[in-house]
Amino acid sequence: MEWVVVISVLVLTVLSLLRINVIIAIIAAALTAGLMSGLSIVESIEMMVSGMGGQASTALSYILLGAFAVAISYTGITAILVNFLIKVLTGKKMMMVLAIAGVACLSQNLVPVHIAFIPILIPPLLKLFDEMKVDRRGVAAALTFGLKAPYVTIPAGFGLIFHETIQNGMVENGSDITIGQTTLAMLIPGAGMVVGLLIAIFFTYRKDRESISGAGGSEANFTAPPAENVTFNQKHALTLVAIAGALIVQIFTQNLIIGALTGLVLMFGLVVVPFRKGDQVMADGIAMMGQIAFVMLVASGFGKVLEDTGAVSSLVEMSSSFLGDNQALIALILLLVGLVVTIGIGSSFGTIPILAALFVPICLAADFSTLATASLIGTAGALGDAGSPASDSTLGPTSGLNADGKHHHIWDTCVPTFLHFNIPLILFGWIAAMVL
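Residues numbered from 1 in each chain as written. Predicted model: local features only at pLDDT ≥ 70, side-chain atom pairs only at ≥ 80, totals over all residues. Heavy atoms only, no water.

Enquirer: Outline the overall build of the protein chain, listing residues and values.
Expert: Helix and strand counts for the protein chain come out as 20 helices and zero strands. Its C-alpha atoms give the protein chain a radius of gyration of 21 Å, near enough to 22 Å, the size a compact globule of 436 residues would have. For the protein chain, the spread of C-alpha atoms along the principal axes amounts to about 65 × 45 × 45 Å. Across the 436 residues that make up the protein chain, the buried fraction comes to 56%. Summarising the internal contacts of the protein chain: among those between residues at least 6 apart in sequence, 81% fall at separations of at least 24. Carbon and sulfur atoms make up 66% of the accessible area of the protein chain, which totals about 16,900 Å². (Helix = DSSP H or I, 4+ residues; strand = E, 2+ residues; numbered from the N terminus. Rg over C-alpha atoms; globule rule 2.2 N^0.38 Å. Buried < 20%, exposed > 50% of the residue type's maximum accessible area, 1.4 Å probe, protein only. Contact = heavy atoms within 4.5 Å. Areas by Shrake-Rupley, 256 points an atom, 1.4 Å probe, with all protein chains shown as cover.)

Enquirer: How would you sum up a nonpolar patch on the surface? Please name residues and give values.
Expert: Together, Leu329, Leu332, Leu336, Leu427, Trp430, Ile431, Met434, Val435 and Leu436 line one region of the surface with nonpolar side chains, adding up to about 680 Å² of accessible area. Looking at the nonpolar patch, the elements with two or more residues in it are α16 (327–345) and α20 (409–435). Note on placement: Leu336 falls in helix α16. (Patch = residues over 30% accessible without salt bridge, like charges linked within 9 Å, V, L, I, M, F, W, Y side chains within 5 Å. Salt bridge = Lys/Arg side-chain N within 4 Å of Asp/Glu carboxyl O.)

Enquirer: Please set out the nonpolar core residue by residue, giving values where relevant.
Expert: For soluble globular proteins, the rule of thumb is that nonpolar side chains tend to be buried together. Counting residues in hydrophobic clusters, the biggest one holds 131 residues, and the most contacted among them are Ile26, Ile122, Phe129, Leu143 and Phe368. Here this core takes 12 residues from helix α14 (residues 278–308), the largest share from any one element. With sequence-adjacent residues up to four places away left out, Leu143 is seen in contact with Ile100, Ala104, Phe117, Ile118, Ile122, Pro397 and Leu401. (Core = buried A, V, L, I, M, F, W, Y, C linked by side-chain atoms within 4.5 Å.)

Enquirer: A description of the packing of helix α4 (residues 56–74) against helix α13 (residues 256–269) should follow, citing residues and the corresponding values.
Expert: At a closest axis distance of 9 Å, the pairing of α4 and α13 adopts a crossing angle of 25°. Considered as vectors, α4 and α13 are oriented roughly parallel to each other. Between α4 and α13 lies a crossing whose hand is left-handed. The segment α4 lies against α13, with Ser57, Leu60, Ser61, Leu64, Leu65, Ala67, Phe68, Ala71 and Ile72 engaging Leu256, Ile257, Ala260, Leu261, Gly263, Leu264 and Met267. A breakdown of the residues in the contact of α4 with α13 according to their chemical character gives 13 nonpolar, three polar and no charged. (Axes fitted to C-alpha atoms, helices over the stretch in contact; angles between N-to-C directions. Parallel < 35°, antiparallel > 145°, perpendicular 65-115°, else oblique. Left-handed = near helix turned anticlockwise from the far one by under 90°. Nonpolar A, V, L, I, M, F, W, Y, C, P; charged D, E, K, R; others polar.)

Enquirer: Tell me about unusual backbone geometry, residues and numbers included.
Expert: Unusually for a residue other than glycine, Lys133 sits at a positive phi of about 55°. On the secondary structure map, Lys133 appears in the loop between α8 (126–132) and α9 (136–153). A relative accessible area of 32% means that Lys133 is categorised as partly exposed. For Asp367, which is not glycine, the phi dihedral falls at a positive 65°. Mapping Asp367 onto the fold places it in the loop between α17 (348–365) and α18 (370–382).

Enquirer: Outline the environment of Ala140, supporting the account with residue identities and numerical values.
Expert: Relative to the helices and strands, Ala140 resides in helix α9. On the basis of relative accessibility, which here comes to 0%, the residue Ala140 falls in the buried class. Taking C-alpha positions, Ala140 is 7.7 Å from Leu401, a pair spaced 261 residues apart along the chain.

Enquirer: I'd like to hear about helix α11 (residues 179–204), residue by residue, with values.
Expert: With 26 residues, α11 should reach 38 Å at 1.5 Å per residue; the first-to-last C-alpha distance of 35 Å fits that figure. The largest bend in α11 amounts to roughly 40° and is located at Leu187, with the proline Pro189 lying one to four residues further along. Within α11, the full set of buried residues consists of Thr182, Thr183, Ala185, Met186, Pro189, Gly190, Gly192, Met193, Gly196, Leu197, Ala200 and Ile201. (Expected span 1.5 Å × (residues − 1). Bend = angle between axes of the 7 residues up to and from the residue.)

Enquirer: Just give me the short version of the side chain of Asn402, but keep the residues and values in it.
Expert: Note that Asn402 resides in the loop between α19 (392–401) and α20. Overall, the relative accessible area of 10% leaves Asn402 in the buried class. Within the structure, the side chain of Asn402 is placed 3.3 Å from the backbone nitrogen of Lys406, a separation counted as a polar contact. (Polar contact = N/O pair within 3.5 Å; in protein donor to acceptor, adjacent residues only side chain to side chain.)

Enquirer: Please provide a residue-by-residue account of the packing of helix α10 (residues 158–172) against α18, values included.
Expert: One can describe the packing of α10 onto α18 by two numbers: an axis separation of 10 Å at closest approach and a directional angle of 120°. The angle between the axes of α10 and α18 places the two elements in the oblique class. Pair α10 / α18 crosses with right-handed handedness. Contacts between α10 and α18 pair Phe162, Ile166 and Met170 from the former with Thr370, Thr373, Ala374, Ile377 and Gly378 from the latter. In the contact of α10 with α18, the residues fall into five nonpolar, three polar and no charged.

Enquirer: Quick one: what's the story with the pattern of salt bridges, residue by residue and with numbers?
Expert: Per the counting criterion, the structure on display carries eight salt bridges. Among the ionic pairs, Lys93 bridges to Asp208, the shortest N-O distance being 2.6 Å. Of this pair, Lys93 sits in helix α6 (residues 93–109) while Asp208 is found in the loop between α11 and α12 (234–253), placing the two residues 115 residues apart along the sequence. By relative accessible area, which is 17% here, Lys93 ends up buried. Under the relative-accessibility criterion, Asp208 is labelled exposed at 52%. Among the salt bridges present, the one from Arg137 reaches Asp135, with a minimum N-O distance of 2.8 Å.

Enquirer: Could you give an account of the state of the cysteines, naming the residues involved and the relevant values?
Expert: What we call a disulfide is simply a covalent bond connecting the sulfur atoms of a pair of cysteines. Applying the stated rule across the entire model yields zero disulfides. With no disulfide of its own, Cys414 has Cys105 as its nearest cysteine by sulfur position, at a separation of 20 Å. Of the residues examined, Cys414 reaches a relative accessible area of 3% and is grouped as buried. (Disulfide = S-S within 2.5 Å.)

Enquirer: Account for the side chain of Ser44, with residues named and values stated.
Expert: Structurally, Ser44 is set in helix α3 (residues 41–51). Judged by its relative accessible area of 1%, Ser44 falls in the buried class.

Enquirer: How would you summarise the environment of Pro361 if you had to cite specific residues and measurements?
Expert: In this structure, Pro361 sits in helix α17. With relative accessibility at 43%, the residue Pro361 sits in the partly exposed group. In this structure the C-alpha to C-alpha distance between Pro361 and Ser175, which are 186 residues apart in sequence, comes to 9.0 Å.

Below, the structure is given as structure tokens:
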């Protein structure tokens, strides 16, 4: 039982590296976990399906955010940003990639569309990337950084949800902590992600690279909108009002679905998008985000199998049984456990409640401080999100970069982001646990 998580995640990883579709790879991993735990194939499938509802809210929010992003793009306001990037940054590869990382950061805290902006913003830039011989793996790293680092370190927007998840998990398991303390606890691990981004941009992927047609498998069914010259007008101003409304509602309600619905209602109510376009906006939103949403549902089912069979708790118990009171070793093992678990489940937010229930008793027994415990839980949850085939932090970048069929999800997104963010997160998370 102790090795169920490790072996099932290895199945997921190997199949993904062999270019097997990620949904099939996740199902195979879930079946492996179920069979190793003594369940039949039918029982394993039924348990996985029963757990798919765990990410239903997230999946619905992605669909609505996709529709909101499509509505925003309908106004042409994204073309203004694209034209600006092309005009100012053409010929400046590293500045271009840093700018994309900055835009991605805004999607977590300021403009709450999460990954939905990527299939709108990135495809119009692909031709420019090819002309500048930009290594798309560096762009993938920049996008994943922007999707993760803000919520890991900043308690606003998605970040507030992440930090509250850490707080609630610790409080429910007997360790009181405030949001301010979780923020302090995650600053050092967040700095590790900055280091990883800089290494990716300025060292690993700074050289010219020709994009190869077909690298991503079949060409995606997405036509990049033209980046025409568009001047700022009244519709764009009203679009900003809708974005602000969505942000405010999302912050106050802490509900992505309500926030996305608010944005859509404002876009139609202010006649920024004609009401007759409603069906098309929703259809395009589903086309853009539907596959990602479904992958998240299947990954949630895999997580259900791992949790209900006791595989995760068995792995933690096995790991902690021989550690004694060696804090340095305990911290490292807990981080590695988080890495393995999150790669399989693919969601930092969904993993933290599981990890908190297992980590808090161990950390209390080993006399870790409250801040050190929060850092371990937060970092362990964030680990594996970058690099996981089933994570929105990798699926999102691929959805934009593979619009022309020249970017492979596993080799061009998952592997680069795994190397450049998980290694620094382990190192800086371990340092945080030792010094806080």
